[in-house]
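Architecture at a glance
Residue-level listing of the chains:
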Amino acid sequence: MYLPGIGERIKQLRSQRDISQIGLANQIGVSKSVISSYENNVHYPPYDILLKMARLFGVSTDYLLGASGNRSISVEGLTDTQIESVTAIINELREINKK
């Protein structure tokens, strides 16, 4: 089974959060070599690891698997006012990107 882009997405998300392969491995309970094998598309993460990475990175498993190009932002634990503020910031950034 070939999952295009999964290794690249894992590496990108890890790098964006300034997490080393060892750091990610420790957080999800695998070895550094396992993370390297995922990033190099040698092996693919099983479902339980996919779920752990999705939760850690705040994205959907569909995003990790390349089935969706959309990322999601978890607003769990935020108040309604905070959610409205985040939404306003996102909308402002979209407007800036249109220019």
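So, here is what we can say about the structure in this document. Residue positions are counted from 1 within each chain, in the order its sequence is given. This being a predicted model, a pLDDT of at least 70 is required before a residue's local features are given, and a value of 80 or more before pairs of side-chain atoms are given or counted; all residues contribute to the totals for chains, interfaces and linings. Water and hydrogen atoms play no part in the side-chain values, which are based on all heavy atoms of the structure.

**Considerations on the side chain of Ser37**
Spelled out, the test is: Where helices and strands are cited, they refer to DSSP runs of H or I of at least four residues and of E of at least two residues respectively, numbered from the N terminus. A contact between two residues is defined here by any heavy atoms of the two lying within 4.5 Å.
Within the element layout of this structure, Ser37 appears in helix α3 (residues 32-39). Beyond its immediate stretch of four places on either side in the chain, Ser37 contacts Val42 and His43.

**Considering the pattern of salt bridges**
Applicable threshold: Basic side-chain nitrogens of Lys or Arg form a salt bridge, by our definition, when they fall within 4 Å of a carboxyl oxygen of Asp or Glu. Working definition: with a 1.4 Å probe on protein chains only, accessible area under 20% of the residue-type maximum means buried, over 50% means exposed, and in between means partly exposed.
Within this structure, the stated rule accounts for two salt bridges. Among the ionic pairs, Arg14 bridges to Glu39, the shortest N-O distance being 2.5 Å. Of this pair, Arg14 sits in helix α1 (residues 6-16) while Glu39 sits in helix α3, placing them 25 residues apart in sequence. Taken as a pair, Arg14 and Glu39 share a single burial class, namely buried. Here Lys98 makes a salt bridge to Glu95, at a shortest N to O gap of 3.3 Å. Remark: Glu95 and Lys98 occur in helix α6 (residues 80-98); sequence separation between them is three residues, near one turn of the helix.

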